[in-house]
Amino acid sequence: QEQLVESGGGLVQAGDSLRLSCTGSVSTFSASRMAWFRQAPGKERDFVAAIMRIGDSTYYGDSVKGRFTISRDNTKNTMYLQMNSLKPEDTAVYYCAAGFGFGRNLSRRSSYDYWGQGTQVTVSS
């Protein structure tokens, strides 16, 4: 069964950095796209960043462009989210996701087939 496990969350201060990791099975990392989403209390789960298996193209949500970097290491079946210059509004549960197939909207939750359980990131002001 496909499984994704996030780690690396925690409590930090505004301006700090944090790196999240998402580890999965070999078959999961054969997905055509992988992504990070986040969900703050009382809000929708929003797109953060995505990375494609072919060519490692990356895409970001407007609120994190220039601060967050998504990457993957296929030899370790691990995806990362480097988060710099963190703000209180980045506080959320962060989820990794994997999607198969092509021609899907990267920012839509419905484009992803497997999800992790999430890791909490809290940024204090």
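Going by the structure above, here's the rest.
Keep in mind it's a predicted model, so treat the numbers as computed, not measured.

Quick notes on the overall build of the protein
The secondary structure content of the protein amounts to zero helices and 11 strands. From first element to last, N terminus to C terminus, the protein shows the α and β order β-β-β-β-β-β-β-β-β-β-β. Computed over the C-alpha atoms, the radius of gyration of the protein is 13 Å, within 12% of the 14 Å expected from 2.2 N^0.38 for a compact globule of 125 residues. Across its three principal directions, the C-alpha atoms of the protein cover 40 × 25 × 25 Å. Residues classed as buried in the protein amount to 43% of the 125 residues present. When contacts within the protein are restricted to residue pairs at least 6 apart in sequence, those whose partners lie at least 24 apart make up 59%.

A word on the side chain of Asn 77
Locating Asn 77 in the fold gives a position in the loop between β7 (68-73) and β8 (78-83). What makes Asn 77 buried here is its relative accessible area of 16%. For Asn 77, the contacting residues outside a window of four places in its chain are Cys 22, Thr 23, Gly 24, Ser 25, Val 26 and Phe 29.

Looking at the state of the cysteines
Disulfide: a covalent bond formed between the sulfur atoms of two cysteine residues. Taken as a whole, this structure holds one disulfide when the rule is applied. Shown here is the disulfide that connects Cys 22 with Cys 96, its sulfur atoms set 2.1 Å apart. Taking the sign of the S-S torsion, 60° for the link of Cys 22 and Cys 96, the bridge is right-handed. Of this pair, Cys 22 sits in strand β3 (residues 18-24) while Cys 96 sits in strand β9 (residues 92-99); the two residues are 74 residues apart in sequence, bridging distant segments of the chain. A relative accessible area of 0% means that Cys 22 is categorised as buried. Assessed through its relative accessible area of 0%, Cys 96 is described here as buried.

Examining the pattern of salt bridges
Per the stated rule, a full pass over the model turns up four salt bridges. A salt bridge links Arg 109 to Glu 44; the nearest nitrogen and oxygen atoms lie 3.5 Å apart. Placement of Arg 109 in the loop between β9 and β10 (114-115) and of Glu 44 in the loop between β4 (33-39) and β5 (45-52) is noted, with a sequence separation of 65 residues between them. Under the relative-accessibility criterion, Arg 109 is labelled partly exposed at 38%. Two residues, Asp 90 and Arg 67, come together in a salt bridge whose shortest N-O distance is 2.8 Å.

Focus: unusual backbone geometry
The phi dihedral of Asn 77 falls on the positive side, at around 50°, and the residue is not glycine. Backbone geometry places Ser 85, a non-glycine residue, at a positive phi of 50°. Inspection of the secondary structure puts Ser 85 in the loop between β8 and β9.

Description of the sheet that holds strand β1 (residues 4-7)
Strand order in the open sheet formed by four strands is β1-β3-β8-β7, and the pairing between neighbours is antiparallel. Two strands close off the open sheet at either side, each with one partner strand: β1 and β7. For this sheet, the mean angle separating the axes of adjacent strands, direction not counted, is 15°. Across four bridges, the pairing between β1 and β3 is antiparallel. From the neighbouring strand, Glu 6 faces β3, where its bridge partner is Cys 22.

What counts and how
- Residues numbered from 1 in each chain as written.
- Predicted model: local features only at pLDDT ≥ 70, side-chain atom pairs only at ≥ 80, totals over all residues.
- Heavy atoms only, no water.
- Helix = DSSP H or I, 4+ residues; strand = E, 2+ residues; numbered from the N terminus.
- Rg over C-alpha atoms; globule rule 2.2 N^0.38 Å.
- Buried < 20%, exposed > 50% of the residue type's maximum accessible area, 1.4 Å probe, protein only.
- Contact = heavy atoms within 4.5 Å.
- Disulfide = S-S within 2.5 Å.
- Salt bridge = Lys/Arg side-chain N within 4 Å of Asp/Glu carboxyl O.
- Pairing = 2+ DSSP bridges.
- Axes fitted to C-alpha atoms, helices over the stretch in contact; angles between N-to-C directions.

The quantities given are spatial measurements derived from coordinates; they are silent on function.
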